[in-house]
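So the chains spell out like this:
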Amino acid sequence: LEMGQTSLHELLVPSVRQLAEAELSDVLVSDLVDGDHNEVTRLHRPTFESMLDKCPQRFDLWEEQSLKSMTFANLREKRQREDQVRKSQLDWAYRMIRGIYDSKTYQELSLTARPSRFAEFVFCWTKEYTIDIRNECVVSLELVPQESATYNQWRLLRLVQHFKDEKMEFLVFFRFLQEHYLMDELSFFLKCRQILFNGPQLAHQLAFAGKPHMLDMNACTRAVHTITGRQDQAETLRLLRNITVTTQFSDAKVKILDAAMLLRLLLDGYVSEKKQLLSSLKLIFDVANQRQLNL
């Protein structure tokens, strides 16, 4: 996760070594090359939800009420109350996701040993930390006595599951939580965040709670050039074209885009290039083995 200009190819080389050293006990390289990336299986690895199954306390998203004998005024009041609850839950979940990513980045920057799995990290993190709503920062859970670790864990899981189909930031976090992505892909994603936000996301001036994190087109272009090592302006614009929107800011029109969409795009590009590299390596070894047999 060293800062600086690094090409995707330079990032891929250590990732292949990391796969060989850390992942091959649970993942076959042939699965990554020939099979669907979604179908890679990991043996004997508890998921975040299976860890929570040992905790009795659960969290219900919305309070279910019977619609029988409800007047129109009561129904309207119920809908308004649900909208307020939904907004407050989204605010909290956005902060938690960004705080967890920031903390995980700090862990990987600080440690020289192999970092922990993401599901394990989130489980341990939520037992000790939470988000200070007023100051937009990570604090010890002991400083917020009205919150409990188990309640926050179930709350985070249920909110991520609920909003993952409509919020890109929640979908990517859910896939990391389910270990849909490998550890080197998580490291690449965290590196991209570090470059894009120039530090922790919670500290970024445009990271409004409860909303997607929108960034200026120029800032995103510079970040893409740093991450990919490519300075082709036209190629970058083509890359970002489908996720860019134009909005009115003061008296000028400004092009902005959702940071979560950009990070997902970069992550998918990394996964695709890694599969191509692994496929090439597999082909090299297959050809070498065939030549050995022909000797």
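Here the structure is a predicted model, which is why all the values come from computation and not from measurement.

Looking at the overall build of the protein chain
- Assigned secondary structure in the protein chain consists of 11 helices and five strands.
- Counting contacts in the protein chain only where the partners sit at least 6 residues apart, residues at least 24 apart contribute 70% of the total.
- Carbon and sulfur atoms form 52% of the exposed surface of the protein chain, whose accessible area is close to 16,800 Å².

Some words on the nonpolar core
- Residues Y101, F118, L156, F173, F176 and L196 are the most contacted members of the largest nonpolar core, which totals 55 residues.
- Put simply, the parts of the chain that give this core at least two residues each are α3 (48-52), α4 (72-110), α5 (118-128), α6 (149-163), α7 (168-177), α8 (183-197), α9 (217-228) and α11 (259-294).
- Among residues more than four places away in sequence, those in contact with L196 are L215, C220, A223, A259, L262 and L263.

What about the pattern of salt bridges?
- Taken as a whole and judged by the stated rule, the model has 11 salt bridges.
- In this structure, the salt-bridge partner of R95 is E136, at a minimum N-O distance of 2.8 Å. On the criterion of sequence distance, the pair formed by R95 in helix α4 and E136 in the loop between β1 (129-132) and β2 (137-140) is long-range, its members being 41 residues apart.
- The exposure class assigned to R95 is buried, which follows from its relative accessible area of 11%.
- Residue classification places E136 among the partly exposed residues on the basis of a relative accessible area of 23%.
- In this structure, K164 and D165 form a salt bridge, with 3.5 Å as the shortest nitrogen-oxygen distance.

Side note on unusual backbone geometry
- We note that E179 has phi near 60°; this positive angle belongs to a residue other than glycine.
- Within the secondary structure, E179 sits in the loop between α7 and α8.

Details of the pairing of β2
- The sheet contact formed by β1 and β2 spans four bridges and is antiparallel. Each bridged residue has a counterpart across the sheet, and for T130 the counterpart in β2 is V139.
- Counting the residues in the hairpin turn of β1 and β2 gives four residues, including E136, whose phi is positive at 55°.

Some remarks on the environment of R222
- With respect to the helices and strands, R222 occurs in helix α9.
- Separated by 26 residues in sequence, R222 and L196 place their C-alpha atoms 8.5 Å apart.

Some words on the packing of α7 against α11
- Orientation of α7 relative to α11, taken along the N-to-C sense of each, is 40°, at an axis distance of 8 Å. Between α7 and α11, the crossing angle belongs to the class labelled oblique. For the element pair α7 and α11, the recorded crossing hand is left-handed. On α11, the residues that touch M168, E169, L171, V172, R175 and F176 of α7 are A260, M261, R264 and L267.
- Partitioned by chemical class, the residues of the contact of α7 with α11 number seven nonpolar, no polar and three charged.

Reading the values: rules and limits
Residues numbered from 1 in each chain as written. Predicted model: local features only at pLDDT ≥ 70, side-chain atom pairs only at ≥ 80, totals over all residues. Heavy atoms only, no water. Helix = DSSP H or I, 4+ residues; strand = E, 2+ residues; numbered from the N terminus. Contact = heavy atoms within 4.5 Å. Areas by Shrake-Rupley, 256 points an atom, 1.4 Å probe, with all protein chains shown as cover. Core = buried A, V, L, I, M, F, W, Y, C linked by side-chain atoms within 4.5 Å. Buried < 20%, exposed > 50% of the residue type's maximum accessible area, 1.4 Å probe, protein only. Salt bridge = Lys/Arg side-chain N within 4 Å of Asp/Glu carboxyl O. Pairing = 2+ DSSP bridges. Axes fitted to C-alpha atoms, helices over the stretch in contact; angles between N-to-C directions. Parallel < 35°, antiparallel > 145°, perpendicular 65-115°, else oblique. Left-handed = near helix turned anticlockwise from the far one by under 90°. Nonpolar A, V, L, I, M, F, W, Y, C, P; charged D, E, K, R; others polar.

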